[in-house]
Amino acid sequence: MALPIAVLISGSGSNLQSIIDKIEQKVLHAEIKVVISNKPDAYGLTRAKKHNLRTEVIEHQNFSSREDFDQAMVRVIKEAGAEAVILAGFMRILTPAFIQAFPNKILNIHPAILPSFPGVRVQAQAADYGVRFSGCTVHFVDEKMDNGPIIIQAVVPAYVSDDGQSLGQRILNWEHRIYPQAIEWLAQGRLKIVGRKVEVRDCPPVFVQADETAPAFVNPGLEPGF
Ligand code: GAR
């Protein structure tokens, strides 16, 4: 049985694309009921349309409050029949009412190893800081920004020569692998939140892939197909 999801985007939608691809490959058991963008020119909308997905543009500046904007999104998501909400480069902070509308059913991907580098444009912040490692995090969304219980992280090296662009691309390659995997675990009902921690039932061992371009360390590990 496929998990009905809504995917929220603001930009390029490459994470949306990785989700679409894994669904089409029948590795990810989810069904995208609607793609919502707060930006009318987000390229992710074009990607969604190419796959005949329902798209909606809900522009935040057309609402007088965050609450009204979020309520409009909740209405569309519920009416579309989605049960889980996947934030894929969605650059707005959600209100408590939105989060309470989908308890423990909202996931986010963040391009850093949380709790380091919360916020926006963090790939450049990490590169400029001179970190030796960075990566990406998929986590449940709670009422604080970039704060909820962590499902999976991938770590990649950062080099002295990196800028936000080069480090960001190295991280993004792994976002595209860990996000569909985390959604599949949610779809299979294998995630259990215990306080700040997330137990993954039959959790795969740490996954290490060492090639010259992108050695990475993923925990929990990826399953076949991801
Ligand atoms: C991704 O790197 C995602 O992790 C990041 O925005 C990018 C969206 O790319 N999200 C955040 O920074 C959230 N705070 P995409 O539109 O190509 O998926």
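One can find the structure itself at the top, above this paragraph.
Worth saying up front: this structure is predicted, and the values here are computed from it rather than measured.

Asks: Could you clarify how one ought to interpret the overall build of the chain in this entry?
Replies: In terms of regular secondary structure, the chain is built from 6 helices and 11 strands. For 226 residues, the compact-globule estimate of 2.2 N^0.38 gives 17 Å, and the chain sits close to it at 17 Å. Each of the three principal axes of the chain carries a C-alpha extent, and together these read 45 × 40 × 35 Å. Relative to its full complement of 226 residues, the chain shows a buried share of 51%. Considering only residue pairs separated by 6 or more positions, the chain has 64% of its internal contacts joining residues 24 or more positions apart. Within the structure as shown, the chain displays about 10,900 Å² of accessible surface, and the carbon and sulfur contribution to it stands at 52%. Once the 23 positive and 24 negative side-chain charges of the chain are each reduced to a mean point, those two points are 2 Å apart.

Asks: Any chance you could explain the packing of helix α1 (residues 14-24) against helix α2 (residues 43-50) here in plain terms?
Replies: Running from N to C, α1 and α2 cross one another at 15°; their axes reach a closest spacing of 9 Å. When the interaxial angle is binned, α1 and α2 end up roughly parallel. Here the hand of the crossing between α1 and α2 comes out right-handed. Residues S14, L16, Q17 and I20 of α1 form the contact with α2, whose own contacting residues are G44, R47 and A48.

Asks: Whenever I open this one, the site of the ligand confuses me. Can you help?
Replies: As a structural note, the neighbourhood of the ligand is formed by 14 residues, with G13, S14, N15, P111 and E175 the closest of them. One of the side-chain nitrogen or oxygen atoms of S12 is found 3.4 Å away from an oxygen atom of the ligand. For the ligand, the accessible surface in isolation is 450 Å², of which the surrounding protein chains cover 88%. Residue assignment for the shell around the ligand shows that the elements contributing at least two residues are α1, β5 (106-110) and α6 (164-187).

Each value, and the rule that gives it
Residues numbered from 1 in each chain as written. Predicted model: local features only at pLDDT ≥ 70, side-chain atom pairs only at ≥ 80, totals over all residues. Heavy atoms only, no water. Helix = DSSP H or I, 4+ residues; strand = E, 2+ residues; numbered from the N terminus. Rg over C-alpha atoms; globule rule 2.2 N^0.38 Å. Buried < 20%, exposed > 50% of the residue type's maximum accessible area, 1.4 Å probe, protein only. Contact = heavy atoms within 4.5 Å. Areas by Shrake-Rupley, 256 points an atom, 1.4 Å probe, with all protein chains shown as cover. Lys, Arg positive; Asp, Glu negative; His and termini not counted. Charge placed at Lys NZ, Arg CZ, Asp CG, Glu CD. Axes fitted to C-alpha atoms, helices over the stretch in contact; angles between N-to-C directions. Parallel < 35°, antiparallel > 145°, perpendicular 65-115°, else oblique. Left-handed = near helix turned anticlockwise from the far one by under 90°. Near = heavy atom within 4 Å. Polar contact = N/O pair within 3.5 Å; in protein donor to acceptor, adjacent residues only side chain to side chain.

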